[in-house]
Amino acid sequence: MITNDIQYIGVQDHEIDLFEGQYVVPNGMAYNSYLIQDEKTAVMDTVDSRFVAQWLENINQTLAGKSPDYLVVHHMEPDHSSGIAAFAAAYPDATVVSSRMAFVMMKNYFGSDFADRRIVVTEGSTLSLGKHELTFVAAPMVHWPEVMVSYEKADKVLFSADGFGKFGALDADEDWACEARRYYIGIVGKYGPQVQDLLKKAAALDISIICPLHGPVLKENLGYYINLYDTWSSYRPESKGVLIAYTSVYGHTKEAVELLASELESLGCEKVSIADLARDDMAEAVEDAFRYDRLVLATTTYNGDIFPFMREFIHHLTERNYQNRTVGIIENGSWAPQAAKVMTRMLEECKDLTWLDPKVKLQCALSDDSRAQIRQLAEALCK
Ligand code: FEO
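Residues numbered from 1 in each chain as written. Predicted model: local features only at pLDDT ≥ 70, side-chain atom pairs only at ≥ 80, totals over all residues. Heavy atoms only, no water.

Undergrad: Quick one: what's the story with the packing of helix α6 (residues 192-203) against helix α7 (residues 222-233), residue by residue and with numbers?
TA: At a minimum axis distance of 8 Å, the contact between α6 and α7 shows a crossing angle of 145°. Once α6 is placed against α7, the crossing between them reads as left-handed. Here Gly192, Pro193, Val195, Gln196 and Leu199 of α6 lie close against α7, whose contacting residues are Ile226, Tyr229, Asp230 and Ser233. (Axes fitted to C-alpha atoms, helices over the stretch in contact; angles between N-to-C directions. Helix = DSSP H or I, 4+ residues; strand = E, 2+ residues; numbered from the N terminus. Left-handed = near helix turned anticlockwise from the far one by under 90°. Contact = heavy atoms within 4.5 Å.)

This is the structure in structure tokens:
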């Protein structure tokens, strides 16, 4: 039970290989759904397609065979919406409650927009269940355009859709911030201004409990979670530290990275994180780039461009509005190094980047000159 009248009816996914087709989730994934029982009964969102039968059984058992009155749909991404048609078939008298754009998506996904049994809600719409009343708040692009969140004022609960979600099933014993940050930066990171808008609206509500669509229900110390969301969505660095993100073909660029890391350590730099972009989790590297205030990019010149994993990494940064950080560069090239030029150009649209000198140049392997440049770069990073 979450409150006397609100229950968890979600499912835990330990079978998934890649969430949203790209994110490794070693501790699985939770698709959360909730039930509010009052004079009227509302089911809040559905689950991923592979778990719809289990979810319907959760509803059936919890309601002891009684039919729910409403299905509230906050978000149409299939990890939450896949059960809508099956729910509508199982409960033909239930009404579907959602935004206008979500009903268009329902038509596209399921061939029906439930025109004869629906309530279209917009910003400020309310749905009374008895002593509980839901107020809907538009949250476009957190993380799709049709998204709404809702606030239940009797128990002071915010149903926050993807907001405040994390990777990991509910039985995962792990730090919230680590997997919530990787989830946020990866999935919602492009939409910082829209998250800021939602946080402003949420600040006007008296919230005691946050019920997200992924990850645990948050009941205590809500300021901690809200502050992290404010930091992430305003693109402020969360921690002092340096991420060195690199690719290396034969190990020479890696040697340069290791030398830089040891120089930073000897200078007492607070925190140094290293990501081999070809081998380590790309989403974790992207997360760290946004988490820390400084970034070093080290890569080889490749086919007149840069190594593919670095190109992909920088693309992940720019599409998520990477900004307001300090950046250093190490380039390698056996005959015509131009990785520094390519990387600088790729990041030129980013706001408020401070570029460090020197830009370190390796031709094939470390030399006395490049070692000296690395020492200077370490000093610039630690200033
Ligand atoms: Fe968890 Fe945007 O869906």
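This is not the end of the story, as more comes after the structure.
Undergrad: Before we move on, could you go through the nonpolar core and cite the residues and values that matter?
TA: Membership of the largest hydrophobic core comes to 92 residues, with the highest contact counts inside it found for Phe19, Trp55, Leu297, Phe313 and Tyr322. Counting residues per element, this core draws most heavily on helix α5 (residues 176-188), which supplies eight residues. Mapping this core onto the domain boundaries places at least three of its residues in each of domain 1 (6-233) and domain 2 (242-382). Once residues within four sequence positions are removed from consideration, tyrosine 322 is found in contact with Ala289, Phe290, Leu295, Leu317, Val327, Leu347, Cys350, Lys351 and Leu353. Ranked by size, the runner-up nonpolar core spans 22 residues in total, among them Val242, Ile244, Leu356 and Leu366. (Core = buried A, V, L, I, M, F, W, Y, C linked by side-chain atoms within 4.5 Å. Buried < 20%, exposed > 50% of the residue type's maximum accessible area, 1.4 Å probe, protein only. Domains from an automatic or database assignment.)

Undergrad: Describe the side chain of aspartate 79, with residues and values.
TA: Mapped onto the elements, aspartate 79 comes out in helix α2 (residues 78-81). Among buried Asp, Glu, Lys and Arg side chains, aspartate 79 stands out as unpaired, with arginine 50 the closest opposite charge at 9.3 Å. There is a polar contact of 3.0 Å between the side chain of aspartate 79 and the side chain of histidine 80. Setting aside residues up to four positions removed in sequence, aspartate 79 forms contacts with Phe19, Tyr31, Thr46, Val47, Asp48 and His214. (Lys, Arg positive; Asp, Glu negative; His and termini not counted. Salt bridge = Lys/Arg side-chain N within 4 Å of Asp/Glu carboxyl O. Polar contact = N/O pair within 3.5 Å; in protein donor to acceptor, adjacent residues only side chain to side chain.)

Undergrad: Mind laying out the pairing of strand β12 (residues 133-138), listing which residues take part and the relevant values?
TA: One ladder, built from three bridges, connects strand β11 (residues 126-128) with β12; its direction is antiparallel. Counterpart to serine 128 in the pairing with β12 is glutamate 133. Here β11 folds back onto β12, and the loop between the two strands holds four residues, one of which, glycine 130, carries a positive phi near 135°. Taken together, the five bridges between β12 and strand β13 (residues 148-152) define a ladder with antiparallel strand orientation. When the bridges of β13 are listed, threonine 135 appears paired with tyrosine 151. (Pairing = 2+ DSSP bridges.)

Undergrad: Give me the lowdown on α7, citing residues and values where you can.
TA: One turn of the α-helix equals 3.6 residues, which is why residues spaced by three or four share an orientation. The end-to-end C-alpha separation of α7 is 16 Å, in line with the 16 Å expected for 12 residues at 1.5 Å each. Buried within α7 are the following residues: Leu222, Tyr225, Leu228, Tyr229, Thr231, Trp232 and Ser233. Those residues of α7 that are buried lie in contact with α5, α6 and β15 (209-211). (Expected span 1.5 Å × (residues − 1).)

Undergrad: If you had to explain unusual backbone geometry to someone new, which residues and values would you point to?
TA: A negative phi holds for most residues other than glycine; trans holds for most peptide bonds. That bond from valine 142 to histidine 143 is cis: its omega, 20°, falls within 30 degrees of zero. You can see histidine 143 is positioned in the loop between β12 and β13. One non-glycine residue, tyrosine 235, adopts positive backbone phi at about 65°. Looking at the secondary structure, you find tyrosine 235 in the loop between α7 and β16 (239-246). Residue classification places tyrosine 235 among the buried residues on the basis of a relative accessible area of 7%.

Undergrad: Go over the domain arrangement of the protein with me, naming the residues and quoting the values.
TA: The domain architecture assigned to the protein consists of domain 1 (6-233) and domain 2 (242-382). Between the C-alpha centres of domain 1 and domain 2 the distance comes to 38 Å. Taken residue by residue, the interface counts 10 residues in domain 1 and 11 residues in domain 2. When domain 1 packs against domain 2, close to 920 Å² is buried across both sides, 53% of that on carbon and sulfur atoms. Of all residues in domain 1, the largest losses of buried area upon contact with domain 2 belong to Arg181, Arg182 and Ile185, amounting jointly to 53% of the total for that side. In this structure, the connection of domain 1 to domain 2 is made through two salt bridges. (Buried area = accessible area lost by both parts, 1.4 Å probe.)

Undergrad: Describe the sheet that holds β13, naming the residues involved and giving the relevant values.
TA: Pairing in this open sheet of five strands is mixed, and the strands run β11-β12-β13-β14-β15 from one edge to the other. Two strands lie at the open edges of the sheet, namely β11 and β15, each paired on one side alone. Direction aside, neighbouring strands of the sheet carry axes that sit 20° apart on average.

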